[in-house]
Amino acid sequence: MDIIGNESFIELITRLCNHRPFPHTLLYGPSGVGKTVISKFITHVTGLPVKQAATTELEGFYVQLLLESLAPNTILLMDEIHTLKRDVAEALYLPMDEYKYFGTEVPIFSVLGMTTSIHRLPDPFIRRFKIQHKLDWYSLQHIEDIVQLVKTKDWSDDAVKSTAMLARGTPGLVCNFVEVIEGLSLNGEVNILLVNDFKRMQDFDELGLRIEDSKYLQYLHKYGRLSLSTLSSLLGEPEKSIETQIEPFLFRLGFVIKESRGRRLTPNGVNYVEEREE
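Figured I'd write up the structure that's included with this text. Please read all numbers here as calculations on a predicted model, not as lab measurements. (Residues numbered from 1 in each chain as written. Predicted model: local features only at pLDDT ≥ 70, side-chain atom pairs only at ≥ 80, totals over all residues. Heavy atoms only, no water.)

Take the overall build of the protein chain next. The secondary structure content of the protein chain amounts to 14 helices and 11 strands. By the burial criterion, 45% of the 278 residues in the protein chain qualify as buried. Of the contacts made within the protein chain by residues no fewer than 6 positions apart, 71% connect residues no fewer than 24 positions apart. For the protein chain, the exposed surface amounts to about 14,300 Å²; the carbon and sulfur share of it is 50%. (Helix = DSSP H or I, 4+ residues; strand = E, 2+ residues; numbered from the N terminus. Buried < 20%, exposed > 50% of the residue type's maximum accessible area, 1.4 Å probe, protein only. Contact = heavy atoms within 4.5 Å. Areas by Shrake-Rupley, 256 points an atom, 1.4 Å probe, with all protein chains shown as cover.)

Ordered by their spatial adjacency, five strands build an open sheet running β2-β3-β6-β1-β7, and the pairing between neighbours is parallel. The open sheet has two edge strands with one neighbour each: β2 (50-52) and β7 (131-134). Strand-to-strand twist in this sheet, taken as the mean axis angle between neighbours without regard to direction, amounts to 15°. With three bridges joining them, β2 and strand β3 (residues 74-78) adopt parallel strand pairing. Looking across to β3, one finds that V50 is bridged to I75. Where helix α1 (residues 7-16) meets the sheet, it contacts β1 (25-28) and β7, and its direction lies at approximately 155° from that of β7. (Pairing = 2+ DSSP bridges. Axes fitted to C-alpha atoms, helices over the stretch in contact; angles between N-to-C directions.)

A separate point is the packing of helix α9 (residues 171-184) against helix α10 (residues 192-201). When two helices pack together, their arrangement is given by the angle between the helix axes and the distance between those axes. It is the contact of α9 with α10, at a shortest axis distance of 10 Å, that shows an interaxial angle of 110°. It follows that α9 is roughly perpendicular to α10 by the angle criterion. Our pair here, α9 against α10, has a crossing hand that is right-handed. Residues F177, V180, I181 and L184 of α9 pack against L194, V195, F198 and M201 of α10. Looking at the contact of α9 with α10 residue by residue, the class counts come to eight nonpolar, no polar and no charged. (Parallel < 35°, antiparallel > 145°, perpendicular 65-115°, else oblique. Left-handed = near helix turned anticlockwise from the far one by under 90°. Nonpolar A, V, L, I, M, F, W, Y, C, P; charged D, E, K, R; others polar.)

Across all of its chains, the model carries nine aromatic pairs by this definition. Measuring from ring centre to ring centre gives 5.3 Å for F125 and F129, while their planes differ by 70°; the resulting arrangement is edge-to-face. Looking at F125, the relative accessible area reads 0%, which means it is buried. Considering the side-chain rings of F255 and Y272, the 5.0 Å spacing of their centres and the 35° angle between planes classify their relative orientation as tilted. Of this pair, F255 sits in the loop between α13 (239-253) and β10 (256-259) while Y272 sits in helix α14 (residues 267-277), and the two are 17 residues apart along the sequence. A single burial state applies to F255 and to Y272, both of which are buried. (Phe/Tyr/Trp six-rings, centres within 6.5 Å; stacked < 30°, edge-to-face > 60°.)

Before going further, it helps to examine the layout of surface pockets. Empty space within the largest pocket amounts to approximately 930 Å³. Together, 35 residues line the largest pocket, and P30, E243, T244, Q245 and P248 are the ones closest to its centre. The set of elements that each furnish at least two residues to the lining of the largest pocket consists of α9, α11 (211-223) and α13. Examining the composition of the lining of the largest pocket, we find that 11 residues originate from one element, α13, more than from any other. Looking at the lining of the largest pocket, its residues break down into 13 nonpolar, 11 polar and 11 charged. Estimates place the volume of the second largest pocket at around 410 Å³. Every residue lining the second largest pocket is counted, 22 residues in all, and those nearest its centre are V33, G34, V37, P171 and G172. Among the elements that take part in the lining of the second largest pocket, helix α2 (residues 35-46) stands out by supplying four residues, more than any other. Here the residues of the lining of the second largest pocket sort into 12 nonpolar, six polar and four charged. (1 Å grid on protein atoms, 1.4 Å probe; cavity = no way out; pocket = protein on both sides within 12 Å on 5 of 7 lines; lining within 4 Å. Points joined across faces, edges and corners; volume = space filled by probe spheres on them.)

Turning next to the packing of helix α8 (residues 157-166) against α9. With their axes 9 Å apart at the nearest point, α8 and α9 run at an angle of 130° to one another. By the angle class used here, α8 and α9 are oblique. For α8 against α9, the interelement crossing comes out right-handed. Taken together, the residues of α9 that come into contact with α8 (itself represented by T163, A164 and L166) are V174, F177 and I181. Taken together, the residues that form the contact of α8 with α9 break down as five nonpolar, one polar and no charged.

With 26 residues, the main nonpolar core has L67, M78, I81, F109 and F125 as its most contacted residues. Elements with a contribution of two residues or more to this core: α3 (63-68), β3, α4 (86-91), α5 (93-98), β6 (109-115) and α6 (123-127). Residues in contact with M78, not counting those within four places in the same chain, are A53, T55, L58, L84, L92, V111, L112, G113 and M114. Counting residues in hydrophobic clusters, the runner-up holds 20 residues, among them A164, V174, V190 and F198. (Core = buried A, V, L, I, M, F, W, Y, C linked by side-chain atoms within 4.5 Å.)

Spelled out as structure tokens, the structure:
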């Protein structure tokens, strides 16, 4: 499996892949930064059996049945592990430590958890993961490398760079963009003109900002400091969507700062809005 980025972590997993039991592992970070890909890499290199647990549906009384059904050394895969009910998480404490459930031995297993909200997990639960790894947004170079890896047509260098700029450091996004842009190509080639057509049709600017991002910035420029709830009303977007889909990239660009009394533009953010109003 080809994995781009997270080199040190990949080395750690590779060197541990034959260790039994494989350590309980927690992958956390924002959406789209490769948690699913990394989990697939872990299950691939360890060669262990895998059991997917439906975290939102798992009830406390079912934990023992689930654990007893596992083959030895199974990786128990739990996506969005923060959605586990608290009593279910607590029921896993002893089995994760001693492979026992209220005195009854259960097969050796390894929990592989993924979450976008590690703060929602109980601290005692987090401590039971011997490996904890935060995945973050990828560098522009790594995103360009991903384009090179997944593309199936002949891309010009400037087309690769321009597409990578749209991805906000998110591998999942850039893979989607590559697929759509290649679908627009009629001759087996992708050049900057085709990428620019895609950007125009999807309302991207040169930084990868879209209409909803620009409106967010324009409201802050017009009204000054605004609370998240006010921005939600003005944009017609849920607060959660603003926090996860709009703000992270604007914070990273240095256009917006979050304070106790609300959000406001930085000088760079002001310049960005005013340059586009000229």
